[in-house]
Amino acid sequence: MEKLWGGRFKKNINKKMEEFISSLSFDKKLVKYDLLGSIAHAQMLGKCKIITKEEKIKIVEGLKQILKEIQAGELEIVTGEAEDIHSWVEVKLKEKIGGDAGKLHIARSRNDQVALDERMYLKEEVIKIQDLLKDLQKSLLSSAQKYLGIIMPGYTHLQHAQPLLFSHHLMAYFYMFERDRERMKDLNKRIDVLPLGSAALAGTSFPIDREYVAKQLNFGKISENSLDAVSDRDFVLEFLSSAAILMMHLSRLSEEMVLWSSNEFNFIELDDSFCTGSSIMPQKKNPDAAELIRGKTGRVYGNLLSLLTVMKALPLAYNHDMQEDKESLFDTVSTLEKSLFIMSKIIETMQINKEKMETSTKSDFSTATELADYLVKKGLAFREAHKLVGNIVLYCLENKKYLEDLTTAELKSFHKYFNEKTLEILKPQSAVEAKDSFGGTSLKRIKESIKRAEELLLDRE
Ligand code: ARG
């Protein structure tokens, strides 16, 4: 294997050591960015007369040829051919254009090169992730519209709390993913900084033009401090943190899918195309897609912890430890992209068991707060009303009744303010409609919220 650094060595590298340090098997993912970055660098070297026009043309043409062959699938990157993707590109360029290939690395180091490649890669991926998030939000939004009016139990502590519109529940996730999308967008501010030109750590003695390279590669800013630029992986860590939060959201939604599709809940039926069966129990249909998304949250958290640990206490500037950033990054990107796609499809294809959701909101005391609120509106202090309704619930439990089974006479025996109309407010429908505060679950509020959500999606088209 040809080395970029053989000159000062008397002995060859140990074979196992060579395998151990190689990153080519995974950093080959960066080949496109390495080539595009190298093309811009060569053009700048030519423009600044650091290499001749002829050399520049030869190098740029050679690099473009490699890119073309890679994209056409004619050129394969074989592990063992080079130490890393940066060396591989130089080896291939030498095969194409000969000794002039050696001029490409003037005023550059693999340290600023790898930071550049990763930034270029991540800039593209965060846009893809924003689009996938938007698709998921669209699925949630259209389900919220489709099922408008369906009532379900709302939970706290996984106990029936107060009835909700099912659409309200779906829209809660819409807004979680909206924050994720904002976070992905905000990241770009700190990814979009060109590190190239920092060279190994100190900058370079050649008269380079970094602004020109930034323009060629569509970077908004150039890095301020060469030492920082080659040792910084904050942009990867920030991405991994935002990814961890996003996966946490997906895991909560997955968990609800798993619960809701169980016999006990039976609120939804997941589509066959996103479930599998059991090899032994013929009756089974398992919510695998949701389970796997929930499970993959673990590796995304792990990737964040892994890189935080790699970076902890590293002295400036570049250290080979930092090569360990790539597998965490690539794995998180592909996990997010697959999970987001699958979750959109789960939502799009699931069926709702309206009857089961709605009957669950009856016979569960979940409108007890309505009774208390009623008394408060009549003039009682909330604590007093709360205690009195607590007594009514106790009475019901002892007499094997639900609130809706109470007669007007029974209610009246608890307080003179109760009358025939009181039973009306105990209906889940009335409870939902009564929650008309901004952000609440009444049909009117949810319709308004859906409308604003639609605008949010348009805004960022
Ligand atoms: N493969 C290395 C990485 O991924 C590239 C930079 C190597 N730089 C060095 N001085 N050995 O981090």
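Reference entry: report on the structure contained in this document.

Basis of the calculations
Residues numbered from 1 in each chain as written. Predicted model: local features only at pLDDT ≥ 70, side-chain atom pairs only at ≥ 80, totals over all residues. Heavy atoms only, no water. Helix = DSSP H or I, 4+ residues; strand = E, 2+ residues; numbered from the N terminus. Rg over C-alpha atoms; globule rule 2.2 N^0.38 Å. Areas by Shrake-Rupley, 256 points an atom, 1.4 Å probe, with all protein chains shown as cover. Lys, Arg positive; Asp, Glu negative; His and termini not counted. Charge placed at Lys NZ, Arg CZ, Asp CG, Glu CD. 1 Å grid on protein atoms, 1.4 Å probe; cavity = no way out; pocket = protein on both sides within 12 Å on 5 of 7 lines; lining within 4 Å. Points joined across faces, edges and corners; volume = space filled by probe spheres on them. Nonpolar A, V, L, I, M, F, W, Y, C, P; charged D, E, K, R; others polar. Axes fitted to C-alpha atoms, helices over the stretch in contact; angles between N-to-C directions. Parallel < 35°, antiparallel > 145°, perpendicular 65-115°, else oblique. Left-handed = near helix turned anticlockwise from the far one by under 90°. Contact = heavy atoms within 4.5 Å. Near = heavy atom within 4 Å. Polar contact = N/O pair within 3.5 Å; in protein donor to acceptor, adjacent residues only side chain to side chain. Salt bridge = Lys/Arg side-chain N within 4 Å of Asp/Glu carboxyl O. Buried < 20%, exposed > 50% of the residue type's maximum accessible area, 1.4 Å probe, protein only. Core = buried A, V, L, I, M, F, W, Y, C linked by side-chain atoms within 4.5 Å. Pairing = 2+ DSSP bridges. Patch = residues over 30% accessible without salt bridge, like charges linked within 9 Å, V, L, I, M, F, W, Y side chains within 5 Å. Phe/Tyr/Trp six-rings, centres within 6.5 Å; stacked < 30°, edge-to-face > 60°.

What follows is about the overall build of the chain. Check the secondary structure of the chain and you find 19 helices and six strands. Its C-alpha atoms give the chain a radius of gyration of 31 Å, more than 25% over the compact-globule value 23 Å for 461 residues. Overall, the C-alpha framework of the chain stretches about 100 × 55 × 40 Å when taken along its three principal axes. Accessible surface computed for the chain: about 23,000 Å², of which carbon and sulfur atoms make up 53%. Taking the average place of the 68 positive charges on the side chains of the chain and the average place of its 70 negative ones, the gap between the two points comes to 2 Å.

Now for empty space enclosed by the protein. Using a probe with the size of a water molecule, rolled over the atoms, empty space left in the structure can be pinpointed. Scanning the model with the defined rule gives one cavity of 30 Å³ or more in all. Of the voids in this model, the largest cavity is the one considered here, and its volume is about 40 Å³. Elements with a contribution of two residues or more to the lining of the largest cavity: helix 3 (31-47) and helix 8 (210-216). Partitioned by chemical class, the residues of the lining of the largest cavity number five nonpolar, two polar and two charged.

Their axes nearest at 10 Å, the elements helix 3 and helix 5 (residues 85-97) cross at an angle of 60°. Considering their axes alone, helix 3 and helix 5 lie oblique with respect to each other. In terms of crossing hand, the pair formed by helix 3 and helix 5 is right-handed. From helix 3, Val31, Asp34 and Leu35 reach across to helix 5, where they touch Ile85, His86, Trp88 and Val89. In terms of residue class, the contact of helix 3 with helix 5 is built from five nonpolar, one polar and one charged.

Before going further, it helps to spend a moment on the site of the ligand. All residues in the neighbourhood of the ligand are listed as Ser23, Asp27, Asp84, His86, Arg110, Asn111, Val114, Tyr318, Gln323 and Lys326. Side-chain polar atom of Asp84 to a nitrogen atom of the ligand: 3.2 Å apart, as the coordinates give it. Within the side chain of Gln323, a nitrogen or oxygen atom sits 2.8 Å from a nitrogen atom of the ligand. Out of a free accessible area of 340 Å², the ligand has 87% covered by protein chains. Broken down by element, the shell around the ligand gets its largest block of residues, three residues, from helix 6 (residues 110-146).

Time to look at the pattern of salt bridges. Scanning the model with the defined rule gives 33 salt bridges in all. A salt bridge links Glu124 to Lys32, with the shortest nitrogen-to-oxygen separation between them at 3.2 Å. Separated by 92 residues along the polypeptide, Glu124 in helix 6 and Lys32 in helix 3 bring together distant segments of the chain. A relative accessible area of 28% means that Lys32 is categorised as partly exposed. With a closest N to O distance of 3.4 Å, Glu420 and Lys412 form a salt bridge.

This next bit is on the nonpolar core. Among the nonpolar cores identified, the biggest contains 109 residues, and Trp88, Phe166, Phe239 and Met257 are the most heavily contacted of them. A total of 14 residues in this core trace back to one element, the largest contributor, which is helix 10 (residues 234-260). Judged by nonpolar contacts, the second largest core, of 18 residues, contains Ile392, Val393, Cys396 and Leu406.

Here strand 1 (residues 151-156) runs beside strand 2 (residues 159-165); their pairing, made up of six bridges, is antiparallel. Bridging from a neighbouring strand, Pro153 pairs with Pro163 of strand 2. A loop of two residues connects strand 1 with strand 2, the two strands running antiparallel in sequence, and His157 in this loop sits at a positive phi of about 55°.

Turning next to the environment of Asp100. Structurally, Asp100 is set in the loop between helix 5 and helix 6. Residue Asp100 is classed as partly exposed on the basis of its relative accessible area, which comes to 21%. With 119 residues separating them in the primary sequence, Asp100 and Phe219 have C-alpha atoms 28 Å apart. Those residues in contact with Asp100, other than ones at most four positions away along the chain, are Glu55, Lys58 and Ile59.

A separate point is the environment of Val114. Here Val114 is to be found in helix 6. Sequence-wise, Val114 and Glu124 are ten residues apart; in three dimensions their C-alpha atoms are separated by 16 Å. Ignoring sequence-local partners within four residues, the contact set of Val114 consists of His86, Arg233 and Lys326.

So, about the layout of surface pockets. Here the largest pocket is characterised by a volume of approximately 340 Å³. Lining the largest pocket are 14 residues; nearest its centre among them are Ser261, Ser262, Asn263, Lys285 and Asn286. Of the residues in the lining of the largest pocket, the class split is five nonpolar, six polar and three charged.

A contiguous nonpolar surface patch, about 270 Å² in accessible area, is contributed by Leu201, Leu227 and Leu316. If you trace the backbone, Leu201 turns up in the loop between strand 3 (193-194) and helix 8. Classification of Leu201 by relative accessible area gives partly exposed; the value is 40%.

With that settled, consider the packing of aromatic side chains. Under the definition given, this model contains eleven aromatic pairs. With 5.4 Å between their ring centres and 55° between their planes, Phe365 and Tyr402 make a pair best called tilted. Note that Phe365 is positioned in the loop between helix 13 (354-360) and helix 14 (368-377) and Tyr402 in the loop between helix 15 (382-398) and helix 16 (408-414), a separation of 37 residues in sequence. Residue Phe365 is classed as buried on the basis of its relative accessible area of 19%. Judged by centre distance (5.4 Å) and plane angle (75°), the rings of Tyr395 and Phe414 are edge-to-face. Of this pair, Tyr395 sits in helix 15 while Phe414 sits in helix 16, placing them 19 residues apart in sequence. The class of Tyr395 is partly exposed, set by a relative accessible area of 25%.

Our focus in this paragraph is helix 14. What sets the pattern is the α-helix's 3.6 residues per turn: residues three or four places apart point alike. Those residues of helix 14 that fall on the buried side of the exposure criterion are Ala368, Glu370, Leu371, Ala372, Tyr374 and Leu375. Those residues of helix 14 that are buried are in contact with helix 15, helix 16, helix 17 (422-425) and helix 18 (428-434). The positive-phi residue at the C-terminal boundary of helix 14 is Gly379, with phi of around 125°.

Honestly, it's all geometry; don't read function into it.
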